[in-house]
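A look at the structure
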Amino acid sequence: MSAQDAVRDAEPYAVPDRHAARDAVRDPWRPALTRSVLLRHDRVRGVDLLVLPERVVVLRGAAGSIVARCDGEREVAGIVAELARLHPDAPVAEEVPVFLERLRAEGWLR
Amino acid sequence: MNTPATLRAATPAPDPPWALLAELTHGCPLRCAYCSNPMELTDRRAELSADQWADVLRQAADLGVVQTHLSGGEPLLRRDLAEIVAAADSAGIHTQLVTSGVGLHRERLARLVDAGLRSVQLSVQHPDPRAAERIAGARAFTAKERAASLVRSAGLPLGLNAVLHRANLDALDDFVELGLSWGADRVELANTQFYGWALRNREALLPDRAQVARARARVERWRERLAGRMELVWVAPDYVDGVAKPCMGGWGAVSLTVAPDGTVLPCPAAAALLGRDAPNVRDHRLDWIWRHSDAFTRYRGEAWMSDTCRGCELRTADFGGCRCQAYALTGDAARTDPACHRSPDHGLVRALVDGAAARTKEGEPPAYAYRTHAP
Ligand SMILES: C[S@@+](CC[C@H](N)C(=O)[O-])C[C@H]1O[C@@H](n2cnc3c(N)ncnc32)[C@H](O)[C@@H]1O
Ligand code: SF4
Ligand code: SF4
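Residues numbered from 1 in each chain as written. Chains lettered and ligands numbered in written order. Predicted model: local features only at pLDDT ≥ 70, side-chain atom pairs only at ≥ 80, totals over all residues. Heavy atoms only, no water.

The helix and strand tally for chain A stands at 3 helices and 4 strands. The order of helices and strands in chain A, counted from the N terminus, is β-β-β-β-α-α-α. Looking at chain A residue by residue over its 110 residues, the buried ones come to 43%. Accessible area of chain A: about 5,600 Å², with a carbon and sulfur share of 51%. (Helix = DSSP H or I, 4+ residues; strand = E, 2+ residues; numbered from the N terminus. Buried < 20%, exposed > 50% of the residue type's maximum accessible area, 1.4 Å probe, protein only. Areas by Shrake-Rupley, 256 points an atom, 1.4 Å probe, with all protein chains shown as cover.)

In structure tokens:
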């Protein structure tokens, strides 16, 4: 039987600076979750999760509220603007695009 | 074998389960010699209905389950599969179909995707169709090829599962090539776990050490070449390695299995060990089964462990190995897994692996006892 249960954490604000933040004007990416990935709030454990075929990723901190805005309609700049209004003191403009890129590199966002 | 009441009362509440393996039926058009299904296959007339599965999935979601593998037997034999997928999806549970691919047509897949299916894992016996037929006791390669292409064009992630043994370990490179040409996201190279029919066919299946070493070296080479383009998973051969596996992430710790007739098990092989002690969703709520049933609490934690494991630093990593294997090989499920080289019973396993080397020298391995069809 496969070990389908590797549970991994995704920390939105602890990201290596691998991809520089994109220029949102030249690249109007409208991120959306890929078909195999399910975002849900886990009411039993009180956390947000990304559920994938062979693993579950626990979204810490603000990560869930970022991913929830990836509906294929909003552009990255729009997501950043919304979150900046909600969290005026957080480094949203620097960190959110990097976080989204990282999820894209994992194949969870398209 | 009952846990004393005092001990049970002292046991803290378990963490909620993450995953549920739903064995929807034991019926299957194939007859794989390596099949881990129990030798006593559940009668098709005793299967839970789609409504009963929907109720089980709702209960599972309430308990904390977020992921289900719809398996069997062959889950596509269930005409009401789409209803079951829809029930899981509306309970918020992610669904993966685990299938031989036989019976997956375009319309069928479209209906399953509409119902919320998110991923498919397809098993392959051998990259060569004739060799695959010998292992499966049925012709299925063309159906698998078609299934893979349908899944890809539906945009679902595709995993291949290859159960490895003496008759296909040397074809490892071709398994990986097959994964690439079928567009798989992931190839699971799963050395045979000896339960059910696989245990019955152990002599014919068990590879020798040299064969495993060759295959392992190839996996390493492929990992370098693929560089993440396709995920390769190697499920280790515990007999040959002499290393106990962290079976199921611990007994009753991470996931539960529901058998076709509603029997609830800590792992799909545990029916043999639990016998009539296994609880059933027809009699109890899933929540009670997970938290309080004797079947699930028996080997939780470390109190049940033998001195060998209790004094071993690896017990928090492998949980003392597999209870079903200890039971199958020694008759006592609480002993250290004999696959572990530290187990006082490891000689049993070493002798079997030595025997495999002798059979390689002799040539022909014993014939397969093919899995029978469910009544
Ligand atoms: C029992 S099968 C049922 C689903 C379907 N009939 C199939 O074969 O894909 C579930 C999964 O377990 C794998 N499997 C079967 N027997 C096994 C064994 N003895 N050891 C490890 N994996 C096994 C299969 O390849 C499949 O991926
Ligand atoms: S492993 Fe083979 S025989 Fe067993 S259920 Fe799957 S396809 Fe059927
Ligand atoms: S003795 Fe027990 S805990 Fe230690 S490695 Fe072996 S099975 Fe694991």
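Okay, back to it.
Let us now look at the interface of chain A and chain B. Opposite the 22 residues of chain A that make contact, chain B presents 34 residues. Regarding the contact of chain A and chain B, the summed buried area is about 2,300 Å², with carbon and sulfur atoms giving 55% of it. Viewed at the interface, chain B and chain A are joined by 3 salt bridges. Among the ionic pairs, aspartate 62 of chain B bridges to arginine 43 of chain A, the shortest N-O distance being 2.8 Å. Of all the secondary structure elements, the ones that give two or more residues to the side of chain A that touches chain B are β2 (38-42), β3 (47-51) and β4 (55-59) of chain A. Here the side of chain A that touches chain B is built from residues that sort into 11 nonpolar, 3 polar and 8 charged. (Contact = heavy atoms within 4.5 Å. Buried area = accessible area lost by both parts, 1.4 Å probe. Salt bridge = Lys/Arg side-chain N within 4 Å of Asp/Glu carboxyl O. Nonpolar A, V, L, I, M, F, W, Y, C, P; charged D, E, K, R; others polar.)

A word on the pairing of β4 of chain A. Residue and element names in this part refer to chain A. When you tally the buried positions in β4, you get 4 out of 5 residues, the bulk of the element. Relative to β4, β3 runs antiparallel, the two being bridged by 4 bridges. Of the residues in β4, the one forming a bridge with aspartate 48 is leucine 59. Hairpin connection between β3 and β4: a loop of 3 residues separates the two successive antiparallel strands. (Pairing = 2+ DSSP bridges.)

Residue and element names in this part refer to chain B. Across the sheet, which stays open at both edges, the 9 strands sit in the order β7-β6-β5-β4-β3-β2-β1-β8-β9 with mixed pairing between neighbours. Each edge of the open sheet is held by one strand with a lone partner, namely β7 (231-235) and β9 (264-265). As paired strands, strand β8 (residues 255-258) and β9 are joined by 2 bridges and run antiparallel to one another. Note that in β9 the partner of threonine 257 across the bridge is leucine 265. Helix-sheet contacts for helix α3 (residues 81-90) involve β2 (67-71) and β3 (94-99), and the interaxial angle to β2 is about 170°. In the packing of helix α6 (residues 141-153) onto the sheet, contacts are made with β4 (119-123) and β5 (158-164), and the angle to β4 comes to roughly 165°. (Axes fitted to C-alpha atoms, helices over the stretch in contact; angles between N-to-C directions.)

The next point concerns the site of ligand 1. In the vicinity of ligand 1 lie 19 residues, with Tyr34, Gly73, Ser123, Asn161 and Gln193 of chain B positioned nearest. Chains contributing residues near ligand 1 are chains A and B. Between a nitrogen atom of ligand 1 and a main-chain N or O atom of glycine 73 of chain B, the distance comes to 3.0 Å. In the model, an oxygen atom of ligand 1 is placed 3.1 Å from a nitrogen or oxygen of the glutamine 121 of chain B side chain. (Near = heavy atom within 4 Å. Polar contact = N/O pair within 3.5 Å; in protein donor to acceptor, adjacent residues only side chain to side chain.)

Of all hydrophobic cores here, the largest spans 110 residues; its most connected members are Leu20, Leu160, Leu172, Leu189, Leu232, Trp234 and Leu286 of chain B. Of all the elements, helix α2 (residues 50-63) of chain B adds the most residues to this core, at 8 residues. If near-sequence neighbours (up to four positions away) are discounted, leucine 286 of chain B is found in contact with Leu20, Val56, Gln59, Ala60, Leu63, Val264 and Val281 of chain B. Of all hydrophobic cores here, the second largest spans 22 residues; its members include Val37, Leu59, Ile79 and Leu83 of chain A. (Core = buried A, V, L, I, M, F, W, Y, C linked by side-chain atoms within 4.5 Å.)

Further remarks concern the packing of α3 of chain B against helix α4 (residues 106-115) of chain B. Residue and element names in this part refer to chain B. At their nearest, the axes of α3 and α4 sit 8 Å apart, and the two run at 20° to each other. With respect to each other, α3 and α4 are oriented roughly parallel. Judged by the twist between their axes, the crossing of α3 over α4 is right-handed. Across the interface between the two elements, Leu81, Ala82, Val85, Ala86 and Asp89 from α3 touch Arg108, Arg111, Leu112 and Ala115 from α4. (Parallel < 35°, antiparallel > 145°, perpendicular 65-115°, else oblique. Left-handed = near helix turned anticlockwise from the far one by under 90°.)

Residues and elements named next belong to chain B. For the coordinates displayed, the defined rule picks out 6 aromatic pairs over all chains. Centre to centre, the rings of phenylalanine 141 and tryptophan 182 are 5.6 Å apart; their planes meet at 50°, and the pair counts as tilted. Here tryptophan 182 lies in the loop between α7 (172-181) and β6 (186-191) and phenylalanine 141 lies in helix α6, a separation of 41 residues in the sequence. Each of the two residues, phenylalanine 141 as well as tryptophan 182, counts as buried. Linked through ring pairs, Trp251, Tyr299 and Trp304 together constitute an aromatic cluster. (Phe/Tyr/Trp six-rings, centres within 6.5 Å; stacked < 30°, edge-to-face > 60°.)

Taken by themselves, the reported measurements are silent on function.
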